[in-house]
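Fold and contact review
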Amino acid sequence: MRRLDALLRRTVAQGAAEITADPERPESFTLLVEGTAQSHVDLADPTRLEFEYMRWLGFLIDLAAEPGRPLNVLHLGGGAWTLPRYIAHTRPGSRQRVVEIDEPLIEFVREHLPLPKNSGVRVRAGDAREVLTGLTEDSVDLMIVDVFSGARIPAHLTSAEFVEQAARVLRPGGIYAANLADGPGLHFARAQVATAQTVFAETMIVAQPPVLRGRRFGNLVLAASTGPLPLRGLARRTASDVFAARVLAGTDLENFVAGAQPVNDAQAQQSPEPPDGLFKG
């Protein structure tokens, strides 16, 4: 694998995109869009996940089925395809589709951070919800939603109607997982859990304690399914991780939701603006 320059830049649909090299690891890179870190990849070791929420999603992927079993996975939001690389490495033979709205960004990543040959990953340009609506029902084992416009989640990907489409495409017992971002008050995250609960039988959320207490802005991972979720295994892994986190489910999750109401298309709003510089590279 050739070394990339320390910094690559290109104008994409969302603005200025950059790929920066990790000075301590020759095959590790961070993708930024408009200064916001979108993805980190290690081309030499796809199992190395740097962002905390990516690590939690990696644990969920590990526990979604018996080790090594191929999965059919839909990724809404592309970035630099960190988790598709992880799944291709840990679950060879998986069929994966990535939907990314920014076609110039796809080409930028494809040129400088290409996927391995025979990865089983197909990347296409399109709006996440429009593509989701056109997919066959009961066709996906795992759906990962990680869509940000800048540093905010678009409103049309936060409603009950969107989650209903996700549930339609998932196979029975399939898992829906979404990366959220919220701060003090956690109004957005609480409403997202309430929205998922209108569609799925079981829900949970993962975050670091300071975020759950509303003391700082940060990422939360929401997971939901019509069947049982791997709560105990995920709780063990997240608790002992370098980015230690809690898993809330059952009564703890109901206390977290605390009467928040689900949102529909007419009410949906994008996620809150993070503090200046929080997700900047």
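Our structure is the block above this text.
The structure reproduced in this document is the subject of the present report. (Residues numbered from 1 in each chain as written. Predicted model: local features only at pLDDT ≥ 70, side-chain atom pairs only at ≥ 80, totals over all residues. Heavy atoms only, no water.)

Turning next to the pattern of salt bridges. One pass over the full model with this rule turns up 13 salt bridges. Residue D42 pairs with R25 through a salt bridge whose shortest N-O separation is 3.1 Å. Remark: R25 occurs in the loop between β2 (15-21) and β3 (28-33) and D42 occurs in strand β4 (residues 36-42); sequence separation between them is 17 residues. Under the relative-accessibility criterion, R25 is labelled partly exposed at 33%. (Salt bridge = Lys/Arg side-chain N within 4 Å of Asp/Glu carboxyl O. Helix = DSSP H or I, 4+ residues; strand = E, 2+ residues; numbered from the N terminus. Buried < 20%, exposed > 50% of the residue type's maximum accessible area, 1.4 Å probe, protein only.)

Taken in spatial order, the four strands of this open sheet run β1-β2-β3-β4, and their pairing is antiparallel. Whereas interior strands pair on both sides, the edge strands pair on one side only; in this sheet they are β1 (7-12) and β4. Neighbour-to-neighbour, the strand axes of this sheet turn through a mean angle of 20°, independent of strand direction. Bridge analysis of β1 against β2 gives six bridges, and the strand direction is antiparallel. The residue of β2 that forms the bridge with L8 is I19. Contacts from helix α3 (residues 103-112) reach β1, β2 and β3 within the one sheet, and its direction differs from that of β1 by about 155°. (Pairing = 2+ DSSP bridges. Axes fitted to C-alpha atoms, helices over the stretch in contact; angles between N-to-C directions. Contact = heavy atoms within 4.5 Å.)

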